[in-house]
Amino acid sequence: MKIAVVGTGYVGLVSAACFAELGHEVIGVDIDAAKVKMLSQGKSTIYEPGLEEVLQRNLKSGRLSFTTKLTDALPDCRVLFCAVATPPNEDYTADLRAVFTVCEETAKHLDHDLVFVNKSTVPVGTGKECEEKIAAILEERKVKLHVPVISNPEFLREGTAVQDTLHPDRIIVGINGDGVAQRMMDELYLPLTRVKHPIVFMSRESAEIVKYASNAFLAAKISFANMLSELCEVAGGSIRDVTKGMGLDERIGPRFLHAGIGYGGSCFPKDVKALQAIGRKHDVPMHLIRATQDVNDRQRERFFQRILNHFPREANVCVWGLSFKPNTDDLREAPSIDLLHMLIATGHTIRAYDPVAMENMKKYFSKSVTYLSDPLEAAKGADAVVLLTEWDIFRGIDLRQLKKTMKGRDLFDGRNVYEPKEVEAAGLNYHGIGISA
Ligand code: NAD
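Residues numbered from 1 in each chain as written. Predicted model: local features only at pLDDT ≥ 70, side-chain atom pairs only at ≥ 80, totals over all residues. Heavy atoms only, no water.

Caption draft 1: Main features of the pairing of strand E1 (residues 2–6). Among the five residues that make up E1, five are buried, leaving the element largely enclosed by the rest of the structure. Every second residue of E1 is oriented toward a common face, with Lys2, Ala4 and Val6 on one face and Ile3 and Val5 on the other, all of them buried. Where E1 meets strand E4 (residues 79–82), four bridges bridge the pair, whose relative direction is parallel. Its bridge partner being in E4, Val5 is matched across the sheet by Phe81. (Buried < 20%, exposed > 50% of the residue type's maximum accessible area, 1.4 Å probe, protein only. Helix = DSSP H or I, 4+ residues; strand = E, 2+ residues; numbered from the N terminus. Pairing = 2+ DSSP bridges.)

Set out below in structure tokens:
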């Protein structure tokens, strides 16, 4: 099937490449000409395991191509995925301008029936608004076309995005009674449903809510563990044992029940805030979601304050891990950015290491941070090492070697990666999360 994916960022690029991998003919559209040029040459614009291979294979097969012009993608296109960003406005509502631009541009140039799919994360009711905008333009043009707008939220996780897209837990499709759109989505996803990946059809409104609900629930699980980590620190106890004890209950489960410095990234913080804004709009209190955010903010501040309590100013600090989570170079809402600002403001000297995100971080901090190509090299002469991202390379560090390399002895473990006893046996002071001092 010939499809277009508009917006080739983290979601759009992975979706476009994977739909081509599943045998569809895909054109990726992006207004960023530099991005389109790189992608057309087979170079991935993001770090995502396995993506470049899929990209190159499908460019070569001729099933995948990229353009800056939406009008290049429209001829014979049967399904258009809108995968542009929906960043927060100042009041944390979702900024839908890019989504509406894609609707309007599509409606202005379309000359045949097409299913318009919102893959971007959008508040409940957005699909209806898109449909109205498209219908108004078609009417103005006096063109009679069938252009249903449906919702197909994306659940891929950065770092495992290709795997998640080719082997999804579920495919959620929100359609309000349009048989043509439903048949089209059935056909499009057949390569996945044939091998038993479930597709669930529901109303457009439900699908729009599922996306925010899923992210907010996962964020709440993280905040739940983080809230209890503070109790463990003050009252005694170990959050690792507490969450292990809880997670063995099948109804609770162990995943996302880890204490740390809290969630970051381009989705959880934005979607947790947006869901509160949606609640405000509809006059429905979102107390749990508000608390999720408060705990997350507090957890990050508490961890940073601990570092400052030990090193108020002008120390040598090594930061391990800059991306908001492992296996991605994405720095959006990464705790590292706040930490670096704080360390710079307090006159610390900073050396940092991250396996893939250092180039991106240089755009924020070019001179005030020294970037090293090896974790132990970054720790040379450090008074303190602060681990922010649980990349595998940090798990395997020789702690005795680390002790010899550092000047000081303090290891702040923002992700509870290390066993406190092992760190202390290596002669270092361990500062983890959720254990009483
Ligand atoms: P992104 O910022 O990485 O990519 C958006 C792309 O859209 C950019 O390349 C931008 O140049 C392009 N763009 C903007 N306006 C355009 C237009 N008018 N025409 C064509 N291209 C245009 O964003 P992302 O992380 O891929 O997120 C996209 C959407 O998917 C958001 O709503 C996000 O909430 C949602 N989402 C993201 C993730 C994730 O892990 N990143 C996961 C699930 C859902």
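From this point on, the discussion continues.
Caption draft 2: Highlighting the site of the ligand. Near the ligand lie 27 residues; those nearest to it are Asp30, Lys35, Thr86, Glu158 and Lys270. Residue Asp30 places a side-chain N or O atom 2.6 Å away from an oxygen atom belonging to the ligand. Within the contact set of the ligand, an oxygen atom lies 2.6 Å away from a side-chain nitrogen or oxygen of Lys270. Coverage of the ligand by the protein amounts to 87% of the 830 Å² it exposes when considered alone. By residue class, the composition of the shell around the ligand is twelve nonpolar, seven polar and eight charged. (Near = heavy atom within 4 Å. Polar contact = N/O pair within 3.5 Å; in protein donor to acceptor, adjacent residues only side chain to side chain. Areas by Shrake-Rupley, 256 points an atom, 1.4 Å probe, with all protein chains shown as cover. Nonpolar A, V, L, I, M, F, W, Y, C, P; charged D, E, K, R; others polar.)

Caption draft 3: Summary view of the nonpolar core. By size, the foremost hydrophobic cluster in this structure holds 60 residues, and its most contacted members are Val319, Trp320, Leu322, Leu402 and Tyr418. It is helix H14 (residues 335–345) that contributes the most residues to this core, five residues altogether. Core analysis: the second largest hydrophobic core is formed by 40 residues, Ile27, Cys82, Val99 and Ile222 among them. (Core = buried A, V, L, I, M, F, W, Y, C linked by side-chain atoms within 4.5 Å.)

Caption draft 4: Inspection of the domain arrangement of the protein at higher detail. Structurally, the protein comprises domain 1 (2–202) and domain 2 (298–431). The centre of domain 1, based on its C-alpha atoms, is set 38 Å off from the matching centre of domain 2. Taken together, the contacts link seven residues of domain 1 with ten residues of domain 2. Counting the surface lost from both domain 1 and domain 2, the interface buries some 690 Å², and carbon and sulfur atoms represent 46% of this. On the domain 1 side of the contact with domain 2, Tyr10, Tyr47 and Glu158 bury the most area, a combined 78% of that side's loss. On the surface where domain 1 and domain 2 come into contact, there are one salt bridge. With a closest N to O distance of 3.6 Å, Glu158 and Arg332 form a salt bridge. (Domains from an automatic or database assignment. Contact = heavy atoms within 4.5 Å. Buried area = accessible area lost by both parts, 1.4 Å probe. Salt bridge = Lys/Arg side-chain N within 4 Å of Asp/Glu carboxyl O.)

Caption draft 5: Structural detail: the sheet that holds strand E14 (residues 429–431). Sheet architecture is open: six strands sit in the order E11-E10-E9-E12-E13-E14, paired in parallel fashion. The two strands at the open ends of the sheet, each matched to only one other strand, are strand E11 (369–371) and E14. Averaged over all adjacent pairs, the angle separating strand axes in this sheet is 20°, with direction ignored. Two elements, strand E9 (residues 316–320) and strand E12 (residues 384–387), share four bridges in a ladder whose sense is parallel. Considered in E12, the bridge of Val317 is made with Ala384. Strands in contact with H14 are E9, strand E10 (349–353), E11 and E12; relative to E9, the strand with the most contacts, it is inclined by about 175°. (Axes fitted to C-alpha atoms, helices over the stretch in contact; angles between N-to-C directions.)

Caption draft 6: Quick peek at the layout of surface pockets. The space that makes up the second largest pocket amounts to roughly 320 Å³. Lining the second largest pocket are 15 residues, with Ala220, Lys221, Phe224, Leu288 and Thr292 sitting closest to its centre. Listing elements by their share of the lining of the second largest pocket, those giving two or more residues are helix H10 (204–235) and helix H13 (287–310). Counted by class, the lining of the second largest pocket contains twelve nonpolar, two polar and one charged residues. (1 Å grid on protein atoms, 1.4 Å probe; cavity = no way out; pocket = protein on both sides within 12 Å on 5 of 7 lines; lining within 4 Å. Points joined across faces, edges and corners; volume = space filled by probe spheres on them.)

Caption draft 7: Expanded view of the packing of aromatic side chains. With the rule as written, the count across this model stands at seven aromatic pairs. One aromatic cluster is present, formed by Phe19, Phe81 and Tyr189 through successive ring pairs. Lys133 extends its terminal NZ or CZ atom over the ring of Phe100, reaching a point 4.6 Å from the ring centre. The lysine or arginine in question, Arg170, covers the ring of Phe155, its NZ or CZ lying 3.7 Å from the ring centre. (Phe/Tyr/Trp six-rings, centres within 6.5 Å; stacked < 30°, edge-to-face > 60°. Lys NZ or Arg CZ within 6 Å of the ring centre and 35° of its normal.)

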